[in-house]
Amino acid sequence: MAESRKERARHWQYDELPGVDLLRARYIRKTFVRHTHEHFVIAAIADGVEVFHHGGGDVYAGAGSLALVNPDTPHTGRAGVPEGWRYGAVYPSPDVVAAIAAETTTLRGAPGFVTPVLDDPYTVQLVHQVLRATDEGNALAADTLLRVAVTRLLRLNGGTLPRREVRTAGARIAARARAALEERMAGPPTLEQLAAELGTSPFALLRAFRDTYGMPPHTWLTDARVRRARRLLDAGTAPSEAAVAVGFTDQPHLNRHFGRIVGVPPGAYQRERKNVQDARHGRPVPSGAWQWNGQQRSRTYGTTAGDHRTASRTAPSSGTPSGSGSPSDSPGSPSA
């Protein structure tokens, strides 16, 4: 019983699914601050309830449903019940989703999700099977199941994302402010200094930036710093060096914000990326199976006590899922 109350998470990549991040987690007290992702979020809730602020209000995703967030869309995350929530997630890039949509749907333009929550236990199982297939090193199953899941979601809840066009004077000022913050990330100006450089007032800039990007400049900057830190960590930069390079005061400062946005500590995040690099160079690495049995060592890292490794729960099999829905809704059978 005590084990079920522990928070744990694993954020990784699988070499045979390029452009896709993967996550398994159980969170109880975890709170995600307002942030965005460069990739799509497809989170399959297995137990509990997640609440996240999206589009001006809170939405709830319970067991058997999916939390769906389009790229560059501000959102938060927290538990909706005392026992928290357990889920598996895939984060496909816009290019991956666009390629699948072009092949299997009639959507035109940039594809995306219409609503942030979809009750569909069938696709929830598909997502968990993608994760299980990567654990088992079954590239064919992982690739197939991912394509089936994304196609089904786009057919059930897909649409064309609106094009973000800079038309108003306020939007143009916000875009210039964002470019300035991106360029001077390690040593950003104050709001007053930035407004003066752009020929506007601090409150006018604050209002324009929030209206355009869904968050104030300082929140956007923290989010952007974590994004850049992720790229540096992926490239092999030490967390302490990445922290300073993106403008955090030190590694603990990076750790705090990284965990509140990505969900795992930067050291654990980088180790999983290193495993992918090792695999590319022919070095054997653990599969990272999500198990309790103690026979296979997991590479899942707890989020409440630093980077300590913990065991983890067995995911659904990568066979054909049961539940609602029909395989005829997908381009092929989800059997693996």
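See the structure shown above.
The rules behind the values
- Residues numbered from 1 in each chain as written.
- Predicted model: local features only at pLDDT ≥ 70, side-chain atom pairs only at ≥ 80, totals over all residues.
- Heavy atoms only, no water.
- 1 Å grid on protein atoms, 1.4 Å probe; cavity = no way out; pocket = protein on both sides within 12 Å on 5 of 7 lines; lining within 4 Å.
- Points joined across faces, edges and corners; volume = space filled by probe spheres on them.
- Helix = DSSP H or I, 4+ residues; strand = E, 2+ residues; numbered from the N terminus.
- Nonpolar A, V, L, I, M, F, W, Y, C, P; charged D, E, K, R; others polar.
- Axes fitted to C-alpha atoms, helices over the stretch in contact; angles between N-to-C directions.
- Parallel < 35°, antiparallel > 145°, perpendicular 65-115°, else oblique.
- Contact = heavy atoms within 4.5 Å.
- Expected span 1.5 Å × (residues − 1).
- Buried < 20%, exposed > 50% of the residue type's maximum accessible area, 1.4 Å probe, protein only.
- Left-handed = near helix turned anticlockwise from the far one by under 90°.
- Pairing = 2+ DSSP bridges.

## Quick word on empty space enclosed by the protein
Considering all chains together, one arrives at two cavities of 30 Å³ or more under this definition. What lines the largest cavity is a set of 18 residues, among which V41, E50, H75, Y87 and Y91 lie closest to the centre. Secondary structure elements with two or more residues in the lining of the largest cavity: β2 (20-27), β3 (31-35), β4 (41-54), β6 (65-69), β7 (75-79) and β8 (85-92). The element that contributes the greatest number of residues to the lining of the largest cavity is β4, accounting for four residues. Among the residues making up the lining of the largest cavity, the classes are represented as twelve nonpolar, five polar and one charged.

## Examining the packing of helix α4 (residues 169-183) against helix α6 (residues 202-213)
It is at 8 Å that the axes of α4 and α6 come closest, and there the two elements cross at 90 degrees. When the axis of α4 is compared with that of α6, the two are roughly perpendicular. On α6, the residues that touch G170, A171, I173, A174, A175, A177, R178 and L181 of α4 are L205, A208, F209, T212 and Y213. Of the residues belonging to the contact of α4 with α6, the class tally is ten nonpolar, two polar and one charged.

## A look at α4
Each α-helix winds once per 3.6 residues, and so residues spaced three or four apart point in a common direction. The end-to-end C-alpha separation of α4 is 21 Å, in line with the 21 Å expected for 15 residues at 1.5 Å each. Those residues of α4 not exposed but buried are A171, I173, A174, A177, A180 and L181. Tucked into the core, α4 has its buried residues touching α5 (191-198), α6 and α7 (217-234).

## Points about the environment of V69
The residue V69 is located in strand β6 in this model. Taking the C-alpha atoms as reference, V69 lies 7.2 Å from F113; in sequence the two are 44 residues apart. Beyond its immediate sequence surroundings of up to four residues, V69 is in contact with H39, F40, V41, F52, H54, H75 and F113.

## A short note on the packing of helix α2 (residues 121-135) against helix α3 (residues 139-157)
Each pair of packed helices can be described by the angle between their axes along with the distance between the axes. Between α2 and α3, the shortest axis-to-axis distance is 8 Å and the interhelical angle comes to 160 degrees. When the axes of α2 and α3 are compared, the pair comes out roughly antiparallel. Between α2 and α3 the crossing geometry is left-handed. Residues Y122, T123, L126, Q129, V130, A133 and T134 of α2 lie in contact with α3, whose contacting residues are A141, A142, L145, L146, V148, A149, R152 and L153. The residue makeup of the contact of α2 with α3, split by class, is eleven nonpolar, three polar and one charged.

## Focus on the environment of E103
One can find E103 in helix α1 (residues 94-104). Taking the C-alpha atoms as reference, E103 lies 9.2 Å from T151; in sequence the two are 48 residues apart.

## A few points about the pairing of β6
Regular strands show a simple pattern: their side chains alternate between the two faces of the sheet. Counting buried positions along β6 gives five out of five residues, so the element sits mostly inside the fold. What you see with β6 is no split at all: S65, A67 and V69 on one side and L66 and L68 on the other are buried throughout. As paired elements, β4 and β6 share four bridges and run antiparallel to each other. Its bridge partner lying in β6, A44 is registered against L66.

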